[in-house]
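Residues per chain, in single letters:
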Amino acid sequence: MCCGQGRLSDTLLRAFPLATVVGMDLSSTMLGVAAKELAGHGARFRTEQFDLPDRSWRRRAVAPAAVVSSLAVHHLDGGGKRELFRDVHALLRPGGALVIADLVRPTGDRGLALARRMWNESVRDQALAGTGGTGPYEKFHALEWSCFEYPDELDKPSPLSEQLQWLSAAGFQEVDVYWMKAGHAIYGGVKAGE
């Protein structure tokens, strides 16, 4: 979901050489970039335009083995996330997995301050390591990229604890957090097998 330029899709295709990926995004421009960037994977990668809150894409002729999302689910409010989790659970084949990498809302002021500080430090460190300067870090702030520092009505991150409960309520098993740092987390669950 929301494949953007296709970097995560490329990583998945390289890691799982028998897999196919449907890269979905609202932006036709991003889909074009992803199709071009991943053309080397041939028929293993295809694109599809979709709108995350629209439920029509959540019904498929062939149930996927996994649904993977990076930095998309936080655009849905709590009710939208719960609905998405239920729909994806129904969509997946038995034994299928939902894996989400996204922003999560800290539950208190101290957690918010920590997430904000850690995100700033991480972006600054990556800028220095990648370019030797702080230009990308300064652009990060000029674009007001951090929802923890520059709140935006498009960003609706929910607390991780709530999302884990919603995943369980949707029917997912083995619900867990695989990684977390600076208000970002990778989490998900598995649909029971047959």
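Look a little higher up for the structure.
Described in the following lines is the structure provided in the data block. The model shown is predicted, which means the values in this text are computed figures rather than measured ones.

1. Details of the overall build of the protein
Next up, step 1: Scanning the protein for helices and strands turns up six helices and six strands.
Next up, step 2: When the helices and strands of the protein are read in sequence order from the N terminus, they spell out α-β-α-β-β-α-β-α-α-α-β-β.
Next up, step 3: Its C-alpha atoms put the protein at 50 × 40 × 25 Å along the principal axes.
Next up, step 4: A fraction of 67% describes how many contacts in the protein between residues 6 or more apart in sequence connect residues 24 or more apart.

2. What about the sheet that holds strand β6 (residues 184-190)?
Next up, step 1: Strand order in this open sheet of four strands is β3-β4-β6-β5, and the pairing throughout is mixed. Two strands close off the open sheet at either side, each with one partner strand: β3 (66-70) and β5 (173-181). The mean angle between the axes of side-by-side strands here comes to 10 degrees, regardless of whether they run parallel or antiparallel.

3. Section: the nonpolar core
Next up, step 1: Met1, Leu52, Trp57, Leu84, Phe85, Val88 and Leu98 are the most contacted members of the largest nonpolar core, which has 24 residues in total.
Next up, step 2: Broken down by secondary-structure element, the contributors of at least two residues to this core are α3 (78-91), β4 (97-103), α6 (160-169) and β6.
Next up, step 3: Ranked by residue count, the leading element in this core is α3, at four residues.
Next up, step 4: The residues touching Phe85, leaving out its near neighbours within four places in the chain, are Val73, Leu98, Ile100, Gln163, Trp166, Leu167, Ala170 and Phe172.
Next up, step 5: Leu103, Phe140, Phe148 and Ala182 belong to the second largest nonpolar core, which has eight residues in total.

4. Details of the pairing of β5
Next up, step 1: Note: β5 against β6, six bridges, orientation antiparallel. The residue bridging Lys181 from the neighbouring strand is His184, located in β6.
Next up, step 2: The hairpin formed by β5 and β6 contains two residues between the paired strands, and Ala182 there has a positive phi angle of roughly 55 degrees.

5. Quick notes on the layout of surface pockets
Next up, step 1: As a volume, the second largest pocket reaches approximately 160 Å³.
Next up, step 2: Contributing to the lining of the second largest pocket are 15 residues, with Pro106, Gly111, Ala115, Met180 and Gly183 lying nearest its centre.
Next up, step 3: Mapped by element, the contributors of at least two residues to the lining of the second largest pocket are α4 (109-131), α6 and β5.
Next up, step 4: Ranked by residues supplied to the lining of the second largest pocket, first place goes to α4 with four residues.

6. A short note on the pairing of β4
Next up, step 1: Along β4, five of the seven residues are buried, which leaves the element largely enclosed by surrounding structure.
Next up, step 2: Inspection of the sheet shows β3 paired to β4 by five bridges, in the parallel sense. From the neighbouring strand, Val68 faces β4, where its bridge partner is Val99.
Next up, step 3: Here seven bridges tie β4 to β6, and the two strands are oriented antiparallel to one another. Of the residues in β6, the one forming a bridge with Ala101 is Ile186.

7. Overview of helix α1 (residues 7-15)
Next up, step 1: Every buried residue of α1 is accounted for by Ser9, Asp10 and Leu13. Projected down its long axis, α1 shows its buried positions confined to an angular sector of 100 degrees, all on one face.
Next up, step 2: Considering only its buried residues, α1 is in contact with β1 (21-25) and β2 (45-49).

8. Considerations on the packing of aromatic side chains
Next up, step 1: Here the structure, examined in full by the defined rule, presents three aromatic pairs.
Next up, step 2: The interplanar angle of 90 degrees and the centroid separation of 5.1 Å between the aromatic rings of Phe50 and Trp57 together place this pair among those described as edge-to-face.
Next up, step 3: Since its relative accessible area comes to 6%, Trp57 is described here as buried.
Next up, step 4: One Lys or Arg, Arg82, reaches over the ring of Trp166 and ends 4.8 Å from the middle of that ring.

Definitions and limits used
Residues numbered from 1 in each chain as written. Predicted model: local features only at pLDDT ≥ 70, side-chain atom pairs only at ≥ 80, totals over all residues. Heavy atoms only, no water. Helix = DSSP H or I, 4+ residues; strand = E, 2+ residues; numbered from the N terminus. Contact = heavy atoms within 4.5 Å. Pairing = 2+ DSSP bridges. Axes fitted to C-alpha atoms, helices over the stretch in contact; angles between N-to-C directions. Core = buried A, V, L, I, M, F, W, Y, C linked by side-chain atoms within 4.5 Å. Buried < 20%, exposed > 50% of the residue type's maximum accessible area, 1.4 Å probe, protein only. 1 Å grid on protein atoms, 1.4 Å probe; cavity = no way out; pocket = protein on both sides within 12 Å on 5 of 7 lines; lining within 4 Å. Points joined across faces, edges and corners; volume = space filled by probe spheres on them. Arc of directions from axis to C-beta. Phe/Tyr/Trp six-rings, centres within 6.5 Å; stacked < 30°, edge-to-face > 60°. Lys NZ or Arg CZ within 6 Å of the ring centre and 35° of its normal.

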